Each structure stands twice: as C-alpha cells, then as structure tokens.
Amino acid sequence: MAFKQRVFSGVQPTGNLHLGNYLGAVVKFVALQDLYDCIYCVVDMHAITVWQDPTELPRATREVTAAFLACGIDPKKHIVFNQSQVTGHAELAWVFNCVARLGWLNRMTQFKEKAGKDRENASVGLYAYPSLMAADILLYRATHVPVGEDQKQHLELTRDVAQKFNNDYAASITGHGFGEAFFPLPEPLIQGPATRVMSLRDGTKKMSKSDASDYSRINLTDDADTIAQKIRKAKTDPHPLPADEKELAARPEADNLVGIYAALAGRTRADVLGEFGGAQFSAFKAALVDLSVAKLGPIGAEMKKLVQDPAYIDSVLADGAERARVIADETMNAVKDIVGFIRH
Ligand code: TYM
C-alpha cells in the first residue's frame, strides 16, 4: 500500500537548543517544508522522563517553539504543537508497549547512557521512551523522519514496532479494510555534513544540552560575542588544516569544526578543505566565527523577540494541536478497531 508522504519530528524542551539540534535537525525541518506536509512537535512528555521543574517546562516548551519559528518553520502551512496536547501519543504508546519486546528496549544505547550506573533509579518512562517515540511518528503514519545520528537506533525500533503491529494484527487490518499494512515503515533522514555535531571542548563527545560546560556548545540564543569566544576557545590540534578528508577524519576536533562550517555554508567538507586546506586554525576559526554569527545571530534575535509574546506562541501551539488531533484521532480510531477495543 502506498502511504501519504508525511514528515514528523520532535525536539525535547530540555535546556538550551544548540548548534547540534540546529544542524542535525531543525535546518532539515525547514528544508523539508517545500517537499512534504510536515508535523513538528515539542515533545514535553519525553522531557519528563527525567525530572523537569514544572515552573521551567512551559518556558522551555515556548523557547523550542520560538526556535522552530525563528528558523523558518511555517506553522500555518505545516503543524507545530506540543505533544501533551494530543492524547493520542500516550494512547498509542500504550499499545506499542504491548507490541515492543523487552529485548528490543534492553538494547537501546541511549537508555544505558542516560540511566548510567544508577539504573534501578531511572524512571520507567525513560526505559519506555522509544515506545512513545514510535507512537509520535506512527500516530501520523509519517513516512520520513529527519533526525541527528543519535536517534538512528530509535528509528530502527520504530520500524520494528510498525512491522510487528502490521504482522500481529494482519488479519484484523485487512478485515477492517485498511489494506495489507496499517503503519508505514518510516525512513530516517540522517544526511549532510553535521549529523553528529561534537562538543567544542572534546571532539569525541557529542554536543549536548546536558554538558556541564557551556563552552562545549553554541546555544541558539548566544549573542555574537559569546559565539565568537566559544569558537576561539574551541579545542583544536596544533597542525594546519589538512587538504583531504581522510586525514581530517583522524582529527576529531578539526573534523567537527570543518563539518560545522560545511553545514552552515551548505557546502561539503571536501569543498571547505579545498578552500582552507593548509590554513592555520586561527584563520579558519575567524572565518567560522563570521559565518556562525551571520547565520545564528538573526535566529537568536528573533527567538528573543518571540518569547516576549507567550500568548502568541501558545496560540500557535493550540492551533497546531487542533490540526494534529484530527489526524491522530483518525489513526487512533482505526487502531482501536484493529486491536479490538469497543468504541462509540
Ligand atoms: P533531542 O531533543 O535530544 O534532539 C533534537 C534533535 O537534535 C538532534 N541532535 C543532534 N544532531 C546532531 N548533533 C548533535 N550533537 C545533536 N544533538 C541532538 C537529535 O538527533 C534530534 O533529531 N528522542 C528525540 C525527540 C523525539 C523525536 C520523536 C524525534 C521524540 N519523538 C519522534 C523524531 C521523531 C530527542 O530526544 O531529540
């Protein structure tokens, strides 16, 4: 069966959005708007899998929404909303908890990293997180999911859940006239030079919201001086930039900065090395500062403006949720029929 092509992706409202979120995900969200119907979700239910201060969460949710808008997502042509406003996410996640196998979740590296040594004390939600993520995507029967490299395993699990649901309920799916398969197997879109942006302090660690050092990341709300300072202080090695990609790959910090430059400029690593191969880091960093400030400065300024008007942000989320609910209800009604739940 051919599924309607649709994009879904989500971002957690935890901490500051950074350059990794921007280049790995949001830039792609923006580009995909011309090709597909898109649904972009601020996943507040995922956020509370680890403790979130309830007085802080609304601000963080509005800030991610502001980032979406400031980066160029059109909430009228597409859908922007926060997850908890559409109850179908939780309902479908429960069904998927009963489809996914313990063995599948036990393999999730992100849970192992986040739970750390104190696994017994991690929330059940953190463990079941990938099941909710599968529900987010499949509630809209989305076919394409733009994400950074770190979400690849969760996307594979989403495909496994879709496949198992389709198989387990095959007779009921055809019996209710939904064709051969009810859920599509969504394609991860993980492309370009910055699918895994690394920390500016350590080229072997992912840039992350939770790193204790603010110098490890560039936040979308950083001003020009802060961006410049962070790039100037970014860890490098003592050699000039290499001319070829193979040599670059063996130097994590250099590789990361060249990848960031390439992604911001819409160029390839090879192309950037063609220009800067043999140059000292001081010269390259100066160019990277100019490019970063030119690209990120206006976004940060627009975000700051938008968050001054929480009523407007909330109206965008309410309107998006209303339109998301129409699609979600259609899926949930079908799922309930397929599973055998009585409904009126
Ligand atoms: P989250 O909120 O951690 O990150 C949002 C997006 O940013 C990407 N990302 C990165 N990309 C490149 N380099 C980095 N250093 C970097 N850090 C983060 C992430 O891959 C992600 O695309 N589980 C998801 C949120 C989610 C979701 C979904 C995504 C919930 N439901 C359904 C897609 C579809 C998460 O925690 O992303």
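As a reminder, the structure under discussion sits directly above these lines.
These numbers come from a predicted model, not from an experiment.

Engineer: Where do I start with the overall build of the protein in this structure?
Structural biologist: A count of helices and strands for the protein gives 15 helices and five strands. Taken over the C-alpha trace, the protein has a radius of gyration of 21 Å; the compact-globule value for 344 residues is 20 Å, and the two agree within 12%. Counting only C-alpha atoms, the protein reaches 70 × 45 × 45 Å along its principal axes. Counting every position in the protein, which comprises 344 residues, the buried fraction comes to 51%. For the protein, the exposed surface amounts to about 15,800 Å²; the carbon and sulfur share of it is 52%.

Engineer: Please clarify how the site of the ligand should be interpreted in this entry.
Structural biologist: Taken together, 28 residues surround the ligand, and among them Gln12, Tyr129, Asp136, Asp150 and Val197 come closest. In isolation the ligand exposes 700 Å². Once the protein is present, 97% of that is buried. A majority-of-atoms criterion places the ligand in the largest pocket. Within the shell around the ligand, the residues separate by chemical class into 12 nonpolar, 11 polar and five charged.

Engineer: Whenever I open this one, the packing of helix α4 (residues 88-97) against helix α15 (residues 310-339) confuses me. Can you help?
Structural biologist: Two numbers describe a pair of packed helices, the interaxial angle and the distance between the axes. At a closest axis distance of 11 Å, the pairing of α4 and α15 adopts a crossing angle of 25°. What the angle tells us is that α4 and α15 run roughly parallel. The handedness of the crossing between α4 and α15 is left-handed. On the side of α4, the interface is formed by Gly88, Glu91, Leu92 and Val95, while α15 contributes Met332, Val335, Lys336 and Val339. Tallied by class, residues from the contact of α4 with α15 come to five nonpolar, one polar and two charged.

Engineer: Sorry, what's going on with empty space enclosed by the protein here?
Structural biologist: Any empty space left between atoms is shown by rolling a water-sized probe over those atoms. Going through the model one piece at a time under the given rule, you end up with one cavity of 30 Å³ or more. As a volume, the largest cavity reaches approximately 60 Å³. What lines the largest cavity is simply Met108, Gln110, Phe111, Lys114, Leu126, Tyr129, Pro130 and His154. Of all the elements in the fold, those that place two or more residues in the lining of the largest cavity are α6 (109-115) and α7 (124-138). Looking at the lining of the largest cavity residue by residue, the classes come out as five nonpolar, two polar and one charged.

About the thresholds
Residues numbered from 1 in each chain as written. Predicted model: local features only at pLDDT ≥ 70, side-chain atom pairs only at ≥ 80, totals over all residues. Heavy atoms only, no water. Helix = DSSP H or I, 4+ residues; strand = E, 2+ residues; numbered from the N terminus. Rg over C-alpha atoms; globule rule 2.2 N^0.38 Å. Buried < 20%, exposed > 50% of the residue type's maximum accessible area, 1.4 Å probe, protein only. Areas by Shrake-Rupley, 256 points an atom, 1.4 Å probe, with all protein chains shown as cover. Near = heavy atom within 4 Å. 1 Å grid on protein atoms, 1.4 Å probe; cavity = no way out; pocket = protein on both sides within 12 Å on 5 of 7 lines; lining within 4 Å. Sits in = over half its atoms within 2 Å of the grid points. Nonpolar A, V, L, I, M, F, W, Y, C, P; charged D, E, K, R; others polar. Axes fitted to C-alpha atoms, helices over the stretch in contact; angles between N-to-C directions. Parallel < 35°, antiparallel > 145°, perpendicular 65-115°, else oblique. Left-handed = near helix turned anticlockwise from the far one by under 90°. Contact = heavy atoms within 4.5 Å. Points joined across faces, edges and corners; volume = space filled by probe spheres on them.

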